[in-house]
Amino acid sequence: MTSEAERAGAILTIDLEAISANYRRLHDQVAPAECAGVVKANAYGLGAEHVAITLAQAGCRTFFVALIDEGVSLRRALEDHGQDNPGGHEPTIYVLNGLIKGTERVFAEHRLRPVLNSIGEIDAWAQFVRDAGPGQQGAAAVQVDTGMSRLGLPKIELSILSSAPSRLAGFRLTHVISHLACADEPDHPLNHAQLEAFAAARRSLPPAAGSLSNSSGIFLGRAFHMDMVRPGSALYGVAPVPNRPNPMKQVVRLQGKILQVREIDTHQTVGYGATHRAENRKKIATVAVGYADGYLRYLSNRGNAYIGEFRVPLVGRVSMDLTTFDVTDVPDHLVHPGAMIELIGDDITVDALAASAGTIGYEILTSLGARYHRVYRRR
Ligand SMILES: *Cc1c(COP(=O)(O)O)cnc(C)c1O
C-alpha cells in the first residue's frame, strides 16, 4: 500500500505555527488596537478551517470573510473545534461583501455581522433589526469609500447619511471601516489622503470604532492602526512592504515530485511549441505539477526551482499536469524518479515566485492547487 502523500504529484506544507507567530507579531505591533484576521477565499487558499482555529488559539477574536457562506462555514468550524466561546465571548465574524437582499435571516441565524456598503443596505438591515424585535441588536459595520472606488458608501451617500443619522439608529453600529488602495507603496500620497478622508467620514457619523488598515497599512505607522487592523496576506507570509526585508515568517512550502529524468542533446526541444531548444547535452527532469495546480503557465521559460542548494531553471512551457526543469548541473543522486524539487520554500518565497510569474503573492496563494497533498504543521 502507498500513502496518499506517496502517490501525490506534489506536497504542500502549511506551517500553522508560522501563521500563529505572524499573528502574534502583528498583534503586539498594533496593541492596544485590535488585530483581526482576514480569512476570506479559504484563508487565501491555505484552508480557512485550519487557519481560523490557529488564529483563534493565538488570541484572534474578530474574523473577516468576503462571502456570507464563508461566514456560515467559519462559524461552524469555530464551534466544531471548541473555539465558540474563548475568553467568554463568541468570536465575531464580519462579511465584507455586504448585505445581499433576502439574506438578513442567515446573518442573524449564524450571528454574522454585515459590512454595510450602501444606504440601501443600511436601510434594509435597520428594517430587519426593527422587525426582529428587542432580541436582535443587529451589530454591523459600515464601510465608506475613501479612494478605492470599489465597495462602501461613496461621498454622496455619506453626506446623505450624515444629515440623517437616524438611519443608523435602528441597529448597533460597531465599526466604520475603509480600505487603502496603495498601502504597499508607503510614499504614495493617496495613503494620507485616505487617512484624512476617513477621519472626516468618521466625524460626520455617530461614534463607532475605526478600522482602515490591511497588512501593508499596519506598516504605515500608528496613525493607521486606529481601533482595529485587518491583516490577511502578512499572516500568510507575504511581504507587507515590497522591496524591504520581510518581517513575516514563511508559511508555505511546495515540493513537486520528479517523474522522469532524460538526457537531450543539441537541437532537441522541450515541451509544447518547442519553445526551448538545447544547445548542448542537457538533463531534463519532468515534475508532476502544472497550471491545473495553479503553477502558472506564465512561468514558462521564466521560473526557477531548487534541488538542495542547486537552482534549476524551468525550461519549456508549463503544461496542465507537468513542468520541465533543466537539472544538468545537479548531481545524479539528487535527481531520480520520486525525488522532490522545491517549488516554493526558503529559496523561492511566495513573493519571489510571484515576481517571476508577473503577479503578486496573493494570487500565488489563492491559486494553490486542489490536487496537492496538504500537510498542516503544528510545531
Ligand atoms: C482582503 C482585505 C483585507 C486584507 O488585506 P491584506 O492585504 O491581505 O492584508 C483587509 N480589508 C479588506 C476590506 C479586504 O478586502
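Residues numbered from 1 in each chain as written. Predicted model: local features only at pLDDT ≥ 70, side-chain atom pairs only at ≥ 80, totals over all residues. Heavy atoms only, no water.

Draft legend 1. Representation of the sheet that holds strand 8 (residues 173-177) in the model. Ordered in space as 3-4-5-6-7-8-9, the seven strands form an open sheet in which the pairing is parallel. The sheet is open, and its two borders are formed by strand 3 (37-38) and strand 9 (209-211), each paired with just one other strand. Bridge count between strand 8 and strand 9: three bridges; the pairing is parallel. Residue pairing across strands places Val176 opposite Gly210, the latter belonging to strand 9. Packed onto the sheet, helix 7 (residues 119-132) meets strand 6 (113-116) and strand 7 (140-143) and runs at close to 145 degrees relative to strand 6. (Pairing = 2+ DSSP bridges. Helix = DSSP H or I, 4+ residues; strand = E, 2+ residues; numbered from the N terminus. Contact = heavy atoms within 4.5 Å. Axes fitted to C-alpha atoms, helices over the stretch in contact; angles between N-to-C directions.)

Draft legend 2. Molecular detail of the pattern of salt bridges. Inspection of every chain in the model, using the stated rule, returns 14 salt bridges. The shortest N-O distance in the salt bridge between Asp293 and Arg371 comes to 2.9 Å. Separated by 78 residues along the polypeptide, Asp293 in the loop between strand 14 (282-287) and strand 15 (304-307) and Arg371 in the loop between helix 12 (361-367) and strand 19 (373-377) bring together distant segments of the chain. Among the salt bridges present, the one from Arg371 reaches Asp321, with a minimum N-O distance of 2.9 Å. With Arg371 in the loop between helix 12 and strand 19 and Asp321 in the loop between strand 16 (310-313) and strand 17 (323-326), this pair connects stretches of sequence that are 50 residues apart. The partly exposed category is assigned to Asp321, whose relative accessible area is 33%. Each of Arg75, Glu79, Glu90 and Arg111 takes part in one network of salt bridges that share partners. (Salt bridge = Lys/Arg side-chain N within 4 Å of Asp/Glu carboxyl O. Buried < 20%, exposed > 50% of the residue type's maximum accessible area, 1.4 Å probe, protein only.)

Draft legend 3. Structural detail: unusual backbone geometry. That bond from Ala31 to Pro32 is cis: its omega, 10 degrees, falls within 30 degrees of zero. For Pro32, the position within the fold is in the loop between helix 2 (16-30) and strand 2 (34-35). Within the chain, His267 stands out as a residue other than glycine whose phi angle is a positive 80 degrees. Structurally, the position occupied by His267 is in the loop between strand 11 (252-264) and strand 12 (269-270).

Draft legend 4. Spotlight on the site of the ligand. For the ligand, the set of nearby residues contains 13 residues, the closest of which are Lys40, Tyr44, Ser215, Ser233 and Tyr362. Lys40 places a side-chain nitrogen or oxygen 2.7 Å from an oxygen atom of the ligand. Between the ligand and His179, the relevant distance is 3.4 Å, taken from a nitrogen atom to a side-chain nitrogen or oxygen of the residue. If the ligand stood free it would expose 390 Å²; the protein chains cover 94% of that surface. (Near = heavy atom within 4 Å. Polar contact = N/O pair within 3.5 Å; in protein donor to acceptor, adjacent residues only side chain to side chain. Areas by Shrake-Rupley, 256 points an atom, 1.4 Å probe, with all protein chains shown as cover.)

Draft legend 5. Region of interest: the nonpolar core. Counting residues in each nonpolar core, the largest one holds 110 residues, and the members touching the most others are Leu46, Leu55, Phe171, Tyr236, Tyr295 and Phe325. Excluding its chain neighbours within four sequence positions, the residues that come into contact with Phe171 are Leu116, Ile122, Trp125, Ala126, Val129, Gln137, Gly138 and Ala140. Ranked by size, the runner-up nonpolar core spans five residues in total, among them Ile264, Val270, Ile284 and Val315. (Core = buried A, V, L, I, M, F, W, Y, C linked by side-chain atoms within 4.5 Å.)

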